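The residues making up each chain are set out below.
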Amino acid sequence: MDKPLIVVNFKTYESASGQSAEDLAASMEKFTNRNFRMIAVVSAFDLHSIASNSTNLEVWSQHLDPVGKGSYTGWLEPESAIYRGAVGTIINHAEHKVSIKHVKELMEMLPSDFPICACAADVSEAIELAKLNPTFIAVEPPELIGGDISVTTADPSIVTDTVKAVKSVNSNVRVLCGAGVKNGSDVRKAIELGAEGVLLASGVTKAEDVNAVLDDLSS
Ligand code: G3P
């Protein structure tokens, strides 16, 4: 059985940007020897510095565009992200929605062993994304993102229903859940509900004691 994932999305939180992003990644690195696969999902601006200073911590991009080298001002071109150290990406986050076509075209460009985690707001979106065969689908009810109550408590059935629906479409796809995840108990509940890990942000980025939170999450 693969290790469950703890995926921390740095977003553009001040506490997870620039030097603070490097510090947060260094804290995460300290917990990579636990029984979880630790992943930092960082801004494109911070990708290179964090990836080049990380040993066991996986560093992913927060978004990529299905474009090649050329006339694509401001787009996040995958080959350059990989060159700068990205070893995975999330896509279609609730705060950065894209079309199914975008996800499909991006996947066609990425190396087959490059993990992609497609985010879904609900079961029906998860089903559509599962047909594309992404490595992971993370179900995150948008109304719970950034809140105090974990999806695993507020809406456990969306996790179980998404796992069931995704596996019935494509048993290769691994399901994560997120929104409001804050502690080790939420992680354990996610796994009990059938998820293979969690995607979280504010529980770590807004923590007063980041190391204590990472310790709890990965215990
Ligand atoms: O990408 C993870 C995110 O959307 C969940 O955010 O702050 O509820 O953990 P948060």
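Please read these numbers as outputs of a predicted model, since none were measured by experiment.

**Topic: the overall build of the protein chain**
Next, step 1: Of regular secondary structure, the protein chain possesses 10 helices and eight strands.
Next, step 2: On the principal axes, the C-alpha backbone points of the protein chain span a range of 45 × 40 × 30 Å.
Next, step 3: Here the analysis covers contacts within the protein chain between residues at least 6 apart in sequence; of these, 66% occur between residues at least 24 apart.
Next, step 4: A total of about 10000 Å² of accessible surface is found on the protein chain, and carbon and sulfur atoms cover 50% of it.
Next, step 5: Measuring between centres, the 18 positive side-chain charges of the protein chain sit 4 Å from its 29 negative side-chain charges.

**Side note on empty space enclosed by the protein**
Next, step 1: Tallied over the full model, the rule gives two cavities of 30 Å³ or more.
Next, step 2: Empty space within the largest cavity amounts to approximately 120 Å³.
Next, step 3: Lining the largest cavity are 16 residues, with Lys11, Ile145, Ala179, Leu200 and Ala201 sitting closest to its centre.
Next, step 4: Elements that contribute at least two residues to the lining of the largest cavity include exactly strand 8 (197-200) and helix 9 (202-205).
Next, step 5: Looking at the lining of the largest cavity residue by residue, the classes come out as seven nonpolar, six polar and three charged.
Next, step 6: Considered as a void within the structure, the second largest cavity measures approximately 40 Å³ in volume.
Next, step 7: Asn92, His93, Ala94, Lys97, Cys119, Ala120, Ala121 and Glu140 are the residues that line the second largest cavity.

**Here's the deal with the packing of aromatic side chains**
Next, step 1: Throughout the structure, instances matching the rule amount to one aromatic pair.
Next, step 2: With centroids separated by 6.1 Å and ring planes inclined at 40°, the aromatic side chains of tryptophan 60 and phenylalanine 136 adopt a geometry described as tilted. Taken together, the positions of tryptophan 60 in strand 3 (residues 58-61) and phenylalanine 136 in strand 6 (residues 136-139) put the pair 76 residues apart, joining distant regions of the chain.

**Examining the packing of helix 5 (residues 123-130) against helix 7 (residues 156-169)**
Next, step 1: At a minimum axis distance of 9 Å, the contact between helix 5 and helix 7 shows a crossing angle of 25°. Taken as axis vectors, helix 5 and helix 7 run roughly parallel relative to one another. For the pair helix 5 and helix 7, the crossing hand works out as right-handed. Together, Val123, Ala126, Ile127 and Ala130 of helix 5 and Ile158, Asp161, Thr162, Ala165, Val166 and Val169 of helix 7 make up the contact between the two elements.

**Describing helix 10 (residues 210-217)**
Next, step 1: Within helix 10, burial applies to Val213, Leu214 and Leu217. Taken down its axis, helix 10 places every buried residue within 95° of arc, on the same side.
Next, step 2: Residues of helix 10 that are buried sit in contact with strand 1 (5-9), helix 1 (18-29), strand 2 (37-42), helix 8 (184-192), strand 8 and helix 9.

**What about unusual backbone geometry?**
Next, step 1: Phi is positive for asparagine 133, close to 65°, though the residue is something other than glycine.
Next, step 2: Mapping asparagine 133 onto the fold places it in the loop between helix 5 and strand 6.
Next, step 3: Notably, alanine 179 is not glycine yet its phi reads approximately 110°, a positive angle.
Next, step 4: Looking at the element boundaries, alanine 179 is found in the loop between strand 7 (174-178) and helix 8.

Rules and cut-offs
- Residues numbered from 1 in each chain as written.
- Predicted model: local features only at pLDDT ≥ 70, side-chain atom pairs only at ≥ 80, totals over all residues.
- Heavy atoms only, no water.
- Helix = DSSP H or I, 4+ residues; strand = E, 2+ residues; numbered from the N terminus.
- Contact = heavy atoms within 4.5 Å.
- Areas by Shrake-Rupley, 256 points an atom, 1.4 Å probe, with all protein chains shown as cover.
- Lys, Arg positive; Asp, Glu negative; His and termini not counted.
- Charge placed at Lys NZ, Arg CZ, Asp CG, Glu CD.
- 1 Å grid on protein atoms, 1.4 Å probe; cavity = no way out; pocket = protein on both sides within 12 Å on 5 of 7 lines; lining within 4 Å.
- Points joined across faces, edges and corners; volume = space filled by probe spheres on them.
- Nonpolar A, V, L, I, M, F, W, Y, C, P; charged D, E, K, R; others polar.
- Phe/Tyr/Trp six-rings, centres within 6.5 Å; stacked < 30°, edge-to-face > 60°.
- Axes fitted to C-alpha atoms, helices over the stretch in contact; angles between N-to-C directions.
- Parallel < 35°, antiparallel > 145°, perpendicular 65-115°, else oblique.
- Left-handed = near helix turned anticlockwise from the far one by under 90°.
- Buried < 20%, exposed > 50% of the residue type's maximum accessible area, 1.4 Å probe, protein only.
- Arc of directions from axis to C-beta.

Read these as spatial facts, not as claims about activity.
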